[in-house]
Amino acid sequence: MNDHQPWEFTCKACGGHKLTVTRVWTILAGPDSESWQEWGPLEADHHWHYEFKERVEENPDDKDERGDFGEYAEDDSASEPEEYEIFEPENNPESDEFYVNCADCDREIEFGWSQPNRGGLIFPVECSDFIPGKIWPQPRYLDSWQQKHWLRTGDSQP
Ligand SMILES: [Zn+2]
């Protein structure tokens, strides 16, 4: 792996150094909708790639889970992560959600983008090369960044 990279991240909670990028999206499947997620490491150049993909189980009630005998989750093979290598930077619908987490303790890390409309590279705020005022916030963190005066100067976000 790449031990030399231009930025550093050290988790405040667990001391970990690796970050995971997750994309969550919803598809319509008949009358229901399904949520899927794919995730993989954030790399030294602020690119990332997805290594795994699985369906998000939002409705535990849908499972046949009469847990009286302690045997639930035995038939979970369909939801195991699969190898997943396709990287589609152009595919970025507005309904997608992105998350950055510490790869070791799963703590959520705020992050932004190098270009508007969630484009370009991912810059987590706890990385050593994060520069407030240069990064476009993930929309979820807009209010938080406003309070910290991290927004790009001159932006007029609606
Ligand atoms: Zn951590």
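To be clear, the structure that these remarks concern was listed above.
Taken together, the protein ligands of the zinc ion are C11 (SG), C14 (SG), C102 (SG) and C105 (SG), with distances of 2.2 to 2.3 Å. Bound by 4 donor atoms, the zinc ion shows angles of 101 to 116° at the metal and therefore tetrahedral coordination geometry. Each donor residue of the zinc ion belongs to the same chain, with the gaps between them written as C-x2-C-x87-C-x2-C.

Across 10 bridges, the pairing between strand β1 (residues 19-29) and strand β2 (residues 32-41) is antiparallel. Each bridged residue has a counterpart across the sheet, and for R23 the counterpart in β2 is E38. What sits between the antiparallel neighbours β1 and β2 is a turn of 2 residues, in which G30 has the positive phi angle 65°. Bridge analysis of β2 against strand β3 (residues 52-56) gives 5 bridges, and the strand direction is antiparallel. In the strand pairing of β3, E38 is matched with K53.

Moving on to the nonpolar core. Membership of the largest hydrophobic core comes to 24 residues, with the highest contact counts inside it found for F9, L19, I122 and W145. When residues of this core are traced back to their parent elements, those giving at least two are β1, β4 (97-102), β5 (111-115) and β6 (119-124). Considering each element in turn, this core owes the most residues, 3 residues, to β4. Excluding its chain neighbours within four sequence positions, the residues that come into contact with W145 are E110, F111, G112, V125, F130, I135, W136, P137, W150 and L151.

Evaluated as defined, the whole model comprises 8 salt bridges. Between D96 and R23 there is a salt bridge, with its nearest N and O atoms 2.3 Å apart. Of the two residues, D96 sits in the loop between β3 and β4 while R23 sits in strand β1, which places them 73 residues apart along the sequence. Assessed through its relative accessible area of 8%, R23 is described here as buried. A salt bridge links K148 to E110, with the nearest nitrogen and oxygen atoms 3.2 Å apart. Highlighted residues: K148 in helix α1 (residues 142-148) and E110 in the loop between β4 and β5, separated in sequence by 38 residues. Connected through shared salt-bridge partners, K12, R107 and E126 make up one network.

Thresholds applied
Residues numbered from 1 in each chain as written. Predicted model: local features only at pLDDT ≥ 70, side-chain atom pairs only at ≥ 80, totals over all residues. Heavy atoms only, no water. Donors = N, O, S within 2.8 Å, 3.2 Å for Na, K, Ca; no water. Tetrahedral: all angles 85-135°; square planar, octahedral: opposite > 155°, others 65-115°. Pairing = 2+ DSSP bridges. Helix = DSSP H or I, 4+ residues; strand = E, 2+ residues; numbered from the N terminus. Core = buried A, V, L, I, M, F, W, Y, C linked by side-chain atoms within 4.5 Å. Buried < 20%, exposed > 50% of the residue type's maximum accessible area, 1.4 Å probe, protein only. Contact = heavy atoms within 4.5 Å. Salt bridge = Lys/Arg side-chain N within 4 Å of Asp/Glu carboxyl O.

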